[in-house]
Amino acid sequence: MVEAVLIDLFSLPVNLQNNIQGLVRNTLEAIEKYSAIHAPCVYVMCCQRQGSERKGEQEFLLAALRGFQSLKRLEVVCAQTTAAALYTIKQRLDEKDLSVIKVILPTIRKDLMKVYVDYLFTAVYQFEFEDLQVISDSESLQISEHQHEGQILPSQDIALIQSEIQMYLESLPSLKGELTILRSSLIPDDIFLHGFTTRTGGISYIPTLSSCNLFSSSKRRDPQVVVQENLRRLANAAGFNPETFHRVKVDHANAVCIMGKTEPDDYDGIVTDQKGVTLAAPGADCIPVLFADPVRRACGAAHSGWKGTLLGVSMATVNAMVSEYGCNVKDILVVLGPSVGPCCYQLPHESAKEFYRIDPKCVRLFGSANPYIDIRRATRILLERGGILPENIQDDSITDQNQNITFCTACHPDKFYSHFRDGTNFGTQIGFISIK
């Protein structure tokens, strides 16, 4: 069932008020007719022009919309670009958690609109397109169809749309305050650039993704272009090149990618000795773990959830640095980033048994059906057993808690994203590191 209707008047002539009023009226009457039981939200999208034209356009559109009292959820969205108008409408859809949208638009706009939709929306949304019937005796209403539905747009047109979207997103203000990066005193900043992100300073507006979400998927409402803009702002603040940014391809296992060699399909660890290459691991309860060897000048990042922790992804990353770059395990520094703590994280008893075998102190209330698990302690124990010096590991057990950066993500909704706390449409922060 259609939940929202978008009427695209963006490219229609504004000087033909009577004709367009009739057009809008006929379209809305049709919506009223087939939506008698379920009245959808209706958005009319038009071009906002400068000066007197802008005021005149809004006035005639409002006049055309008067009298449709059954469509109480109706809004006219005027903007200077299609990207701005469509992104504003996306915000309205997301506020209401709407996903099924009918787009009524001139045929010549259909292929263009599909490109905008591909970039600004994810697979969460379902779109259907319907022709806006522009029929008039007036020759000035005849719009030349220089392209036809189903044709692939020229690459230069797609590039212009991408540029328009990017410019608009770059113009948006940051949300939830300034962009904040947590850094460890253990990693020498004269050799390495590193940090752990928080949720502030980006442009993602959906509550569970707001605001510096750094991961997009087909199951979430944040499109890749928004994540890329958040990453661009992070790169500017941190001082790395987003063009040489490499994030692990999460599989919740223990495979490690060696930069410069054949990239596996999926991996939760990544290492390099190349300068200026930024490695990153996501976390939204799982631990983003950073590795640095100031002697051999090599670094790594790993994503360690409960499965990856049990499979030893952190030591697998250490071992890759040793075998590939000749690192001495005693020189490697390891920092555990923000992640869900034993105060909040529960697993079924069968899974908890595996952590109990590592060390009984990794499990709280072991006799319960869903014990509390300390994946950080388990990670530290496995690293120490692998030869990492205890003093070369930074987690929440450090003596000076003012230096703590391994916060519980579930306990701090103002600072961090949490899958455990927020559910399916959760945001993601990252840990990142590079050699200067």
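Reading the values: rules and limits
Residues numbered from 1 in each chain as written. Predicted model: local features only at pLDDT ≥ 70, side-chain atom pairs only at ≥ 80, totals over all residues. Heavy atoms only, no water. UniProt positions renumbered as here; feature names shortened; annotations may be inferred. Helix = DSSP H or I, 4+ residues; strand = E, 2+ residues; numbered from the N terminus. Buried < 20%, exposed > 50% of the residue type's maximum accessible area, 1.4 Å probe, protein only. Areas by Shrake-Rupley, 256 points an atom, 1.4 Å probe, with all protein chains shown as cover. Axes fitted to C-alpha atoms, helices over the stretch in contact; angles between N-to-C directions. Parallel < 35°, antiparallel > 145°, perpendicular 65-115°, else oblique. Left-handed = near helix turned anticlockwise from the far one by under 90°. Contact = heavy atoms within 4.5 Å. Nonpolar A, V, L, I, M, F, W, Y, C, P; charged D, E, K, R; others polar. Phe/Tyr/Trp six-rings, centres within 6.5 Å; stacked < 30°, edge-to-face > 60°. Disulfide = S-S within 2.5 Å. Salt bridge = Lys/Arg side-chain N within 4 Å of Asp/Glu carboxyl O. Pairing = 2+ DSSP bridges.

- An unreviewed UniProt entry lists the protein chain under the name Purine nucleoside phosphorylase LACC1, from Illadopsis cleaveri.
- Checking UniProt for the protein chain, the heading Subunit (unreviewed entry) contains the comment "Interacts with FASN. Interacts with SDHA. Interacts with ATF6, EIF2AK3 and ERN1."

1. Things to note about the overall build of the protein chain
Alright, step 1. Regarding its fold elements, the protein chain presents 11 helices and 18 strands.
Alright, step 2. Across the 436 residues of the protein chain, 52% fall into the buried class.
Alright, step 3. Element-wise, carbon and sulfur atoms account for 49% of the exposed surface of the protein chain, whose accessible area totals about 19,400 Å².

2. Regarding the packing of helix α3 (residues 82-95) against helix α4 (residues 107-120)
Alright, step 1. Where α3 contacts α4, the two axes come as close as 11 Å, and the packing angle between them is 55°. Classed by the angle they form, the pair α3 and α4 counts as oblique. Taken as a pair, α3 and α4 cross one another with a handedness that is right-handed. Along the contact surface, α3 presents Thr82, Ala83, Leu86, Tyr87 and Lys90, while α4 presents Arg109, Met113, Tyr116, Val117 and Leu120.
Alright, step 2. The class makeup of the residues in the contact of α3 with α4 is 7 nonpolar, 1 polar and 2 charged.

3. Considering the packing of aromatic side chains
Alright, step 1. Enumeration according to the criterion identifies 10 aromatic pairs in this entry.
Alright, step 2. Between phenylalanine 121 and phenylalanine 127 the ring centres are 4.9 Å apart and the planes differ by 75°, which places this aromatic pair in the edge-to-face class.
Alright, step 3. Residue phenylalanine 121 is classed as buried on the basis of its relative accessible area, which comes to 6%.
Alright, step 4. Plain terms: the ring middles of phenylalanine 240 and phenylalanine 245 are 5.7 Å apart, the flat faces sit at 15° to each other, and that makes the pair stacked.
Alright, step 5. Taken together, the aromatic side chains of Phe121, Tyr125, Phe127 and Phe129 make up a single cluster linked through ring pairs.

4. Concerning unusual backbone geometry
Alright, step 1. With an omega of 0°, the peptide bond between serine 210 and serine 211 qualifies as cis.
Alright, step 2. Along the chain, the position of serine 211 falls in the loop between β7 (192-197) and α6 (224-238).
Alright, step 3. With a phi angle near 55°, arginine 297 is a residue other than glycine that sits in the positive phi range.
Alright, step 4. As for its placement among the helices and strands, arginine 297 is situated in the loop between β12 (287-293) and β13 (298-304).
Alright, step 5. Here arginine 297 falls in the partly exposed class, since its relative accessible area comes to 40%.
Alright, step 6. Notably, leucine 365 is not glycine yet its phi reads approximately 55°, a positive angle.
Alright, step 7. Structurally, leucine 365 is set in the loop between β15 (363-364) and β16 (372-373).
Alright, step 8. For leucine 365, a relative accessible area of 60% corresponds to the exposed category.

5. Some points on the state of the cysteines
Alright, step 1. For the structure shown, the criterion picks out 0 disulfides.
Alright, step 2. Here cysteine 408 is not disulfide-linked; the sulfur of cysteine 411 is the nearest cysteine sulfur, at 3.7 Å.
Alright, step 3. Exposure remark for cysteine 408: the relative accessible area of 7% places this residue in the buried category.

6. Topic: the pattern of salt bridges
Alright, step 1. Scanning all chains against the criterion turns up 20 salt bridges.
Alright, step 2. The salt bridge partner of lysine 261 is glutamate 324, with a shortest N-O separation of 3.0 Å. Of this pair, lysine 261 sits in the loop between β9 (256-258) and β10 (269-272) while glutamate 324 sits in helix α8 (residues 313-325), and the two are 63 residues apart along the sequence.
Alright, step 3. On the basis of relative accessibility, which here comes to 49%, the residue lysine 261 falls in the partly exposed class.
Alright, step 4. One salt bridge in this structure joins arginine 357 and glutamate 354, with 2.4 Å as the shortest N-O distance. Note that arginine 357 and glutamate 354 are positioned in helix α9 (residues 349-358) at a spacing of 3 residues, about one turn of the helix.
Alright, step 5. Assessed through its relative accessible area of 58%, arginine 357 is described here as exposed.

7. Topic: the pairing of β12
Alright, step 1. Along β12, 7 of the 7 residues are buried, which leaves the element largely enclosed by surrounding structure.
Alright, step 2. The two faces of β12 match: Ile287, Val289, Phe291 and Asp293 on one face and Pro288, Leu290 and Ala292 on the other face are all buried.
Alright, step 3. Judged from the 7 bridges that link them, β12 and β13 form a sheet pairing that is antiparallel. Paired with leucine 290 across the bridge in β13 is alanine 301.
Alright, step 4. With antiparallel pairing between neighbouring strands as the criterion, β12 and β13 make up a hairpin whose turn holds 4 residues, including arginine 297 at a positive phi of roughly 55°.

8. With respect to the sheet that holds β9
Alright, step 1. One open sheet accounts for 6 strands, arranged β9-β10-β13-β12-β14-β17; its pairing is mixed. Whereas interior strands pair on both sides, the edge strands pair on one side only; in this sheet they are β9 and β17 (393-394).
Alright, step 2. Where β12 and strand β14 (residues 333-336) come together, 4 bridges link them in antiparallel fashion. Bridge pairing links leucine 290 to valine 335 in β14.
Alright, step 3. Along the sheet face, α8 touches β9, β10, β12 and β13 and points at about 160° away from the line of β13.

9. Brief notes about the sheet that holds strand β6 (residues 181-182)
Alright, step 1. Strand order in the open sheet made by the 5 strands is β6-β7-β18-β11-β8, with mixed pairing throughout. Here the strands that pair on one side only, and so sit at the sheet edges, are β6 and β8 (245-247).
Alright, step 2. Bridge analysis of β6 against β7 gives 2 bridges, and the strand direction is antiparallel. Considered in β7, the bridge of isoleucine 181 is made with threonine 197.

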